[in-house]
Amino acid sequence: MKFFSTLAVGFCLFAGPLVAAESSHKLKEVKGLPKELSPKIAAVLHESGQQVTGPDGALCVVWLAKDLAVKPKFKPSQSVAYPFTHGQLLGAIQFPEGSSGFDFRSQEIPAGVYTLRYGQQPEDGNHLGTSEIRDFCMALPAEHDKDPKPIFNPMQLNEQSAEAAGSTHPAIFLMSAPPEKPEKESKIIHDEDHDFQILQLTTTGKAADKPVPLLVRIVVVGAGE
């Protein structure tokens, strides 16, 4: 198994190239959190989530954490766009009954509820060319991830995430770099170049106990080559 060594998500300072077009997918606000989440996890998430719907129906619902801790002096690079901490809880995702999701490696993720934690793609020969951006969300089965504290142990993080895909590799979702100028709305973006559907979510971060607006972009439909 290849381990994710993680750093940290951040301010809307860096934007990688993104060719956007009108999306065939839509967003719908969903009230309430899944009962499968532990009380401690649920307490730190927004009660409203965003449901992504495609031509064939609902695909997933994503909830972000409130007051995401960010590193105040973080400077984005060409490969790392977000300043979140190793194993930090970012939110949760639910795939509806009767369907399943697919991660960035085209691994099938069964219907159910998963937490989302931050990780980075390793810089090694096994991952060359898979993505210019190293920021990823890692999905973990909600039934096994009950504490919102960061999971600092890389082996534990990877093994729990691999359970979501029923494989030896973590279940991962690429994070697209946020735009240079802050935006105030959640939306779905179609990246025409890669045929990705990117979910853009707004939330609040905390840097040195000061609130800062945050945009997080997650590829919810699409896989690497």
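Note: the structure precedes this text.
Presented here is a report on the structure given in the accompanying data block. (Residues numbered from 1 in each chain as written. Predicted model: local features only at pLDDT ≥ 70, side-chain atom pairs only at ≥ 80, totals over all residues. Heavy atoms only, no water.)

Considerations on the side chain of aspartate 103
Mapped onto the elements, aspartate 103 comes out in the loop between strand E6 (89-102) and strand E7 (108-120). Although aspartate 103 is buried, it makes no salt bridge; arginine 105 carries the closest opposite charge, 5.4 Å away. Within polar-contact distance, the side chain of aspartate 103 engages the backbone nitrogen of isoleucine 172 at 3.1 Å. (Helix = DSSP H or I, 4+ residues; strand = E, 2+ residues; numbered from the N terminus. Buried < 20%, exposed > 50% of the residue type's maximum accessible area, 1.4 Å probe, protein only. Lys, Arg positive; Asp, Glu negative; His and termini not counted. Salt bridge = Lys/Arg side-chain N within 4 Å of Asp/Glu carboxyl O. Polar contact = N/O pair within 3.5 Å; in protein donor to acceptor, adjacent residues only side chain to side chain.)

Description of the environment of alanine 171
Topologically, alanine 171 is positioned in strand E9 (residues 171-176). C-alpha separation for the pair alanine 171 and isoleucine 109, spaced 62 residues apart in sequence, amounts to 7.7 Å. Each residue touching alanine 171, except ones within four places of it in the same chain, is listed here: Asp103, Gln107, Ile109, Cys137, Met138, Ala139, Ser161, Ala162, Ala164 and Ala165. (Contact = heavy atoms within 4.5 Å.)

Remarks on the nonpolar core
Ranked by internal contacts, the top residues of the largest apolar core, which has 45 residues, are Leu45, Phe84, Phe173 and Met175. Put simply, the parts of the chain that give this core at least two residues each are strand E4 (57-64), E6, E7, strand E8 (135-141), helix H2 (154-165), E9, strand E11 (196-207) and strand E12 (210-221). If you look at the next biggest cluster of nonpolar residues, it comprises 13 residues, including Phe136, Ile172, Phe196 and Val219. (Core = buried A, V, L, I, M, F, W, Y, C linked by side-chain atoms within 4.5 Å.)

So, the pairing of E4
As defined by bridge partners, strand E3 (residues 48-54) adjoins E4 across 5 bridges and the pair is classed as antiparallel. Opposite glutamine 50, over in E4, you have valine 62 as the bridge partner. Across 4 bridges, E4 lies against E6 in antiparallel orientation. Residue pairing for E6: valine 62 is matched across the bridge by isoleucine 93. (Pairing = 2+ DSSP bridges.)

Quick notes on H2
Because an α-helix packs 3.6 residues into every turn, residues spaced three or four apart end up facing the same way. Here H2 is 12 residues long and its end C-alpha atoms lie 17 Å apart, about the 16 Å a rise of 1.5 Å per residue gives. Where H2 is concerned, the buried positions are Leu157, Asn158, Gln160, Ser161, Ala162, Ala164 and Ala165. Residues of H2 that are buried in the fold lie against E7, E8 and E9. Capping the start of H2 is the job of one residue whose side-chain oxygen sits 2.9 Å from the backbone nitrogen of methionine 155: asparagine 153. Downstream of H2 by a residue or two, glycine 166 has a phi angle that is positive, lying close to 60 degrees. (Expected span 1.5 Å × (residues − 1).)

Comments concerning the environment of threonine 115
With respect to the secondary-structure elements, threonine 115 resides in strand E7. Owing to a relative accessible area of 0%, threonine 115 belongs among the buried residues under this scheme. Along the backbone, threonine 115 and glutamate 143 are 28 residues apart, and their C-alpha atoms lie at a distance of 9.2 Å. With near-sequence residues (within four places) excluded, threonine 115 lies in contact with Leu37, Ile41, Leu89, Gly91, Ala92, Met138, Ala139, Leu140, Ala142 and Asp145. Within the structure, threonine 115 has its side chain in polar contact with the side chain of aspartate 145 (distance 2.5 Å).

Any link to function would need more than the numbers given here.
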